[in-house]
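The residues making up each chain are set out below.
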Amino acid sequence: MEIIDRLAEILAVHRGREGALLPILHDVQAAFGHVPEASYQPIADALRLSRAEVAGVVSFYHDFRDAPAGRHVIKVCRAEACQSMGGADLIARLETALGVKLGQTKGDVTLEAVYCLGLCACSPAAQVDGQLVGRASVARLEALVAEVTA
Amino acid sequence: MKIWVPGDAAAKACGADDVVAAIASAAGLRGREVTIIRNGTRGMVWLEPLVEIEIDGLRHGFGPMTPEDVPALFEDGPHPKALGPVEDIPFFARQSRLTFARCGRNDPLSLADYEAAEGWLGLRRALEIGASATIEEITASGLRGRGGAGFPTGIKWKTVADANAAQKYIVCNADEGDSGSFADRMLMEGDPFCLIEGMAIAALAVGATKGFVYIRSEYPDAIRVFETAIASARDAGIIGPALLGQGPRFDLEVRVGAGAYICGEETSLLNSLEGKRGMVRAKPPLPALEGAFGKPTVMNNVLSLAAVPWIMAHGGAAYAAFGLGRSRGTIPIQIAGNVAHGGLFETGFGLTLGELVNDIGGGTASGRPFKAVQVGGPLGAYHGAEDFDLPICYEAFAEQGGLVGHAGFVVHDETADMLALARYAMEFCAIESCGKCTPCRIGAVRGMETLDRIAAGDAQAIALLQDLCEIMEKGSLCAMGGFTPYPVRSAIRLFPNEFTPLREAAE
């Protein structure tokens, strides 16, 4: 019931907006930490779409989660500029240090790949709970993770 | 005492906020009154956080700063991080900053600062001379799409202007997903009113009343700054019911992407904007005629639109005076990766690749020998030192089987594993393909597998990979599958030995 009420509020905010589905999904994810399957049909009804169309959009975009991430999300860039500055090695060592593989969650911590944060002139780059990190090192990232999980 | 510390995402990622806190506390301890201004970045990213202090009317730079370096700013004697007048630093002094003229100088959200630095001059002139003369001016400037395709902006605008429709749109492509590119982000964070002005001029020229800026979700700072800028331009009556209080209606809205690289492709972006899966559309119809929500739409990159205010203020001929051959004007080059002096360098087309990597970039960051530079993002070719004479312009790179793209240059030193980079190109395509056409969707996966075979010593798989690359290049619907072969083939051409390791060892 709680999902339905909160969803109704979100849908009301976007009523009549051109191409409202992505903004709605962003708000739903911000509210629930993921896009719950229970939200598909109400969203579809509000936008006069089929449930399949909503599901298709949710599954297309990397940002939309079907289950909540850990309380803390660490994103590390895999793209070329970061690779040129040891990004692949950084990821491997971070996986060992945190005991979690890329794309997985362990306890409170989710480790994910990101494809470019636009910090290519201060590579390698990462993001810890929204905080951007340039010239990233394992030590710096470990310290930040310890700080946010403390 | 006036102190500037950039609020740009790259500066913050390198610790600018900690430096600001240290300045506030050091000033407090000494009872010194300081005004801290969060400016945009000058683009000299290797010097970030780059603090600026006005000394005898000139802004002096200090960087890269750490909190520990801050107390010395308040003490007499030379500072260990002093760089002298910031605009005299050779990397900065050698540029022709037209599009980025204001970026890094001011508080990006100050309307007064914007107005005082030629702000709204271009829009005023467009209002004065009218739509068709504005399009003529843009055509005369020779401006071509800075997103990478290089299509003449004036022709695109004319097509939309000539289309008959009750509703037209301006869509700004700010889905800057190419590794090595950050100019769009830097401009939106450092001079957002410039992009608003460019979009307003485009709207005026083609008769559009609504604009969308599609910004990728990986750029939260750019989204925040740009949305704030839109709100204050609206409150000041610059956009909204009447442009500058006297022109037609024009309003703007930010739309946020959702982590799909393919949405940087214009037709995919339009589908995403409409709330659909970001699938590529076949062309025709051209977006200029049937774009956003089926209406005539100007779809331009951030850098194309941000070049417009300068062109309108100074004239198309002045812009066209920069450049080389059919590549007119300036190009905001982003030099990144394993390079000593990484950042944004705006200059007329024609600088050579070697000048960029060695003179401007200062060689590799690691100090090891240069190996290759990838130009134009993940779909661009690798170039070796043998291409150092190549002038940076659309034509020269196309002739070499490459592209300038969005002008991101990613430098690699001798430790780069070219087979791994080629495999990554295929893997990235497999992850990001929209799935509409077979050569891209299936080809990328087969490409990864074939490169794995080559890595395992199956040298015969190289011919197969070449075949696959040809099919992807010629048979894909858009540049995603069509250009993914560029980095793969160029890596094989430049470093054939890295693709036949085991076989050679056996012989």
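Fair warning: this is a prediction, and the values are worked out from it, not measured in the lab.

Looking at the overall build of chain B
Helix and strand counts for chain B come out as 21 helices and 16 strands. For 507 residues, the compact-globule formula gives about 23 Å, and the C-alpha radius of gyration of chain B, at 23 Å, lands near that figure. Taken over the C-alpha atoms alone, chain B extends approximately 75 × 65 × 40 Å along its principal axes. Looking at chain B as a whole, 61% of its 507 residues qualify as buried. Put simply, of all contacts in chain B between residues at least 6 apart along the chain, 69% involve residues at least 24 apart. Measuring between centres, the 44 positive side-chain charges of chain B sit 6 Å from its 61 negative side-chain charges.

Remarks on the pairing of strand E1 (residues 72-77) of chain A
Residue and element names in this part refer to chain A. By the criterion of burial, E1 is predominantly enclosed, with five of the six residues buried. Pairing of E1 with strand E3 (residues 109-114), which is carried by six bridges, proceeds in the parallel orientation. The residue of E3 that forms the bridge with Val73 is Thr110.

Structural notes on the domain arrangement of chain B
Examined at the domain level, chain B breaks down into domain 1 (2-93), domain 2 (111-320), domain 3 (323-413) and domain 4 (418-506). The C-alpha centroid of domain 4 of chain B is placed 46 Å from the C-alpha centroid of domain 1 of chain B.

Considering the sheet that holds strand E5 (residues 82-85) of chain B
Residues and elements named next belong to chain B. Spatially, the five strands line up as an open sheet ordered E2-E1-E3-E4-E5, and their pairing is mixed. In this open sheet, the two edge strands, each paired with only one partner strand, are strand E2 (35-37) and E5. Strand-to-strand twist in this sheet, taken as the mean axis angle between neighbours without regard to direction, amounts to 25°. Sheet analysis places strand E3 (residues 51-55) next to strand E4 (residues 58-62), joined by five bridges and oriented antiparallel. When the bridges of E4 are listed, Ile53 appears paired with His60.

Comments concerning the sheet that holds strand E7 (residues 210-215) of chain B
Residues and elements named next belong to chain B. Across the sheet, which stays open at both edges, the four strands sit in the order E8-E7-E6-E9 with parallel pairing between neighbours. The two strands at the open ends of the sheet, each matched to only one other strand, are strand E8 (251-256) and strand E9 (297-301). Going from strand to strand, the sheet's axes swing by 20° on average, the running direction of each strand aside. In this structure, strand E6 (residues 169-174) lies alongside E9, joined through five bridges in parallel fashion. Following the sheet pairing, Tyr169 is matched in E9 by Thr297. Along the sheet, helix H10 (residues 220-235) contacts E7 and E8; its crossing angle with E8, the most-contacted strand, is approximately 165°.

Quick notes on the packing of helix H9 (residues 192-206) of chain B against H10 of chain B
Residue and element names in this part refer to chain B. Interhelical geometry of H9 versus H10 gives an angle of 60° and a closest axis separation of 9 Å. Judged by the inter-axis angle, H9 sits oblique to H10. Note on packing geometry: the crossing formed by H9 with H10 is right-handed. Contacts from Pro192, Phe193, Leu195 and Ile196 in H9 reach Val225, Phe226, Ala229, Ile230, Ser232 and Ala233 in H10. Here the contact of H9 with H10 is built from residues that sort into nine nonpolar, one polar and no charged.

About the thresholds
- Residues numbered from 1 in each chain as written.
- Chains lettered and ligands numbered in written order.
- Predicted model: local features only at pLDDT ≥ 70, side-chain atom pairs only at ≥ 80, totals over all residues.
- Heavy atoms only, no water.
- Helix = DSSP H or I, 4+ residues; strand = E, 2+ residues; numbered from the N terminus.
- Rg over C-alpha atoms; globule rule 2.2 N^0.38 Å.
- Buried < 20%, exposed > 50% of the residue type's maximum accessible area, 1.4 Å probe, protein only.
- Contact = heavy atoms within 4.5 Å.
- Lys, Arg positive; Asp, Glu negative; His and termini not counted.
- Charge placed at Lys NZ, Arg CZ, Asp CG, Glu CD.
- Pairing = 2+ DSSP bridges.
- Domains from an automatic or database assignment.
- Axes fitted to C-alpha atoms, helices over the stretch in contact; angles between N-to-C directions.
- Parallel < 35°, antiparallel > 145°, perpendicular 65-115°, else oblique.
- Left-handed = near helix turned anticlockwise from the far one by under 90°.
- Nonpolar A, V, L, I, M, F, W, Y, C, P; charged D, E, K, R; others polar.

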